[in-house]
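Residues per chain are reported as follows:
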Amino acid sequence: MAALLSPRNALTIARIVRVNHAGEFGAIRIYSAQIAVARRLYPDCVPMLCEMLGDEIEHCSLFRSAMPARKSRPCRVMRFWSLGGWLLGFLTALMGRRGIWACTAAVEAAVHRHLDDQLHFLSGKDDALHAVILSIREEELAHLHHAEAQLANEDMLVKALRAVISLCTNVLIWLSTWGDSVRMAATLRHAKTT
Ligand SMILES: [Fe+2]
Ligand SMILES: [Fe+2]
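Thresholds applied
- Residues numbered from 1 in each chain as written.
- Chains lettered and ligands numbered in written order.
- Predicted model: local features only at pLDDT ≥ 70, side-chain atom pairs only at ≥ 80, totals over all residues.
- Heavy atoms only, no water.
- Donors = N, O, S within 2.8 Å, 3.2 Å for Na, K, Ca; no water.
- Helix = DSSP H or I, 4+ residues; strand = E, 2+ residues; numbered from the N terminus.
- Buried < 20%, exposed > 50% of the residue type's maximum accessible area, 1.4 Å probe, protein only.
- Salt bridge = Lys/Arg side-chain N within 4 Å of Asp/Glu carboxyl O.
- Phe/Tyr/Trp six-rings, centres within 6.5 Å; stacked < 30°, edge-to-face > 60°.
- Lys NZ or Arg CZ within 6 Å of the ring centre and 35° of its normal.

Draft legend 1. Structural detail: the coordination of the iron ion (ligand 1). Around the iron ion (ligand 1), the donor atoms from the protein are Glu 24 (OE), Glu 24 (OE), Glu 56 (OE), His 59 (ND1) and Glu 140 (OE), and they sit 1.9 to 2.7 Å away. The sequence pattern formed by the donor residues of the iron ion (ligand 1) is E-x31-E-x2-H-x80-E. The distance between the iron ion (ligand 1) and the iron ion (ligand 2) is 3.7 Å, with Glu 56 acting as a donor to both metals. Linking Glu 56 with His 59, this pair stays in helix α2 (residues 46-66), spanning three residues, or about one helical turn. Across this residue pair, the class does not change: Glu 56 and His 59 are buried.

Draft legend 2. Region of the structure containing the coordination of the iron ion (ligand 2). Distances from the iron ion (ligand 2) to its protein donors, Glu 56 (OE), Glu 108 (OE), Glu 108 (OE), Glu 140 (OE) and His 143 (ND1), fall at 2.0 to 2.6 Å. Mapped onto the sequence, the donors of the iron ion (ligand 2) take the spacing E-x51-E-x31-E-x2-H.

Draft legend 3. Representation of the environment of Asp 117 within the structure. Residue position: Asp 117 is located in helix α4 (residues 97-122). When the C-alpha atoms of Asp 117 and Thr 187 are compared, they prove to be 9.8 Å apart, with 70 residues separating the residues in sequence.

Draft legend 4. Spatial organisation of unusual backbone geometry. Located in the positive-phi region is Lys 71, a residue other than glycine, with phi close to 50°. In this fold, Lys 71 is placed in the loop between α2 and α3 (78-94).

Draft legend 5. The arrangement of the pattern of salt bridges in detail. For the structure shown, the criterion picks out five salt bridges. In this structure, Asp 116 and Arg 137 form a salt bridge, with 2.5 Å as the shortest nitrogen-oxygen distance. Of this pair, Asp 116 sits in helix α4 while Arg 137 is found in helix α5 (residues 127-150), placing the two residues 21 residues apart along the sequence. On the accessibility criterion, Asp 116 (29% relative accessible area) is partly exposed.

Draft legend 6. Focus on the packing of aromatic side chains. This model, assessed by the stated rule, comprises one aromatic pair. The interplanar angle of 15° and the centroid separation of 5.0 Å between the aromatic rings of Trp 86 and Phe 90 together place this pair among those described as stacked. Taken together, the positions of Trp 86 and Phe 90, both in helix α3 and four residues apart, correspond to about one turn of that helix. Positioned over the ring face of Phe 121 is Lys 125, at 4.3 Å from the centre of the ring.

Okay, here's the thing in structure tokens:
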């Protein structure tokens, strides 16, 4: 980790690790629920969903390992991520293959935006965490591209679903940080423009 971090930057880094860990846990729950439904209804989707689940498990453990050195702890509302993620995965899977891939596209696009902001902020401040996020970003992007390829024609239903899921994702992020996510986003935006 880079030395001489200001308390404010150290706090932002601790928050980044916490919200990313919670997000990866939420993704694990989404894909687990979708796999449970897909095994019965759309077995052709199962191999890719299992591959993405494996990636999310790996990402979650990387952020968990990054916590102690940054004085970060799992967020206090992991049960929201657990229940919210599972419900989101279950309900979208019941809508069919398009529901599954619209959910993946919405979640992974939100993740990708956050990771990009974080990479910009962490550059020169925490090189180890920067490297972890950079390696994860490639896999998240592959998840996003795979989902978008399955949604060749985005009709109104898919667009509406993506918008609702993006909103749900942001609400979960807000809840997991009790509003810190808004301040964190402002800090990251500020870093981007200076
Ligand atoms: Fe992930
Ligand atoms: Fe992902």
